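Architecture and fold: a report
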Amino acid sequence: MKLSIIIATHARPDSLARLLASLKPQLGANCELILAENGTPSPIKLPNPDAVTLHIHHPRAGKCRVQNLAIATA
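Description of the structure in this document. These numbers come from a predicted model, not from an experiment.

With that out of the way, let us pick up the environment of Lys-63. Structurally, the position occupied by Lys-63 is in helix α2 (residues 63-73). Residue classification places Lys-63 among the exposed positions, given a relative accessible area of 52%. C-alpha of Lys-63 to C-alpha of Asn-38: the two residues are 25 residues apart in sequence and 6.9 Å apart in space. Among all residues touching Lys-63, those that are not within four sequence positions of it are Ala-8 and Asn-38.

Shown next, in the form of structure tokens:
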């Protein structure tokens, strides 16, 4: 069984870095971490890129829009 964790984010690099640093040691082999970012013109540079399985970016604002993309991908 695969576990997918989806994190929705918008322009919060400092708190995102802390979150990824705390989650990384807890991720198992059957776990994927999907970062769903929206509302920014371009994707942010990930503070801890090896912790994230997939980074989805959507330039339009709307948390539900990017979350639905992440859920469909998972």
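Once the structure has been displayed, the description carries forward.
Moving on to the pattern of salt bridges. All told, the structure shown has 2 salt bridges when counted by the stated rule. A salt bridge links Glu-32 to Lys-2, with the shortest nitrogen-to-oxygen separation between them at 3.3 Å. Of the two residues, Glu-32 sits in strand β2 (residues 31-38) while Lys-2 sits in the segment before β1 (3-9), which places them 30 residues apart along the sequence. On the accessibility criterion, Glu-32 (13% relative accessible area) is buried. Where Lys-24 meets Asp-50, a salt bridge forms, and the shortest distance between an N and an O atom there is 2.6 Å. Taken together, the residues span a long stretch of sequence, with Lys-24 in the loop between α1 (13-23) and β2 and Asp-50 in the loop between β2 and β3 (54-58) at a distance of 26 residues. On the accessibility criterion, Lys-24 (34% relative accessible area) is partly exposed.

This brings us to the nonpolar core. Formed by Ile-7, Leu-16, Leu-20, Leu-23, Leu-33, Leu-35, Leu-46 and Val-52, the largest nonpolar core amounts to 8 residues. Of all the elements in the fold, those that place two or more residues in this core are α1 and β2. Of all the elements, α1 adds the most residues to this core, at 3 residues. With residues near it in sequence (within four places) discarded, Leu-46 still touches Leu-35, Val-52 and His-55.

Conventions we followed
- Residues numbered from 1 in each chain as written.
- Predicted model: local features only at pLDDT ≥ 70, side-chain atom pairs only at ≥ 80, totals over all residues.
- Heavy atoms only, no water.
- Helix = DSSP H or I, 4+ residues; strand = E, 2+ residues; numbered from the N terminus.
- Buried < 20%, exposed > 50% of the residue type's maximum accessible area, 1.4 Å probe, protein only.
- Contact = heavy atoms within 4.5 Å.
- Salt bridge = Lys/Arg side-chain N within 4 Å of Asp/Glu carboxyl O.
- Core = buried A, V, L, I, M, F, W, Y, C linked by side-chain atoms within 4.5 Å.

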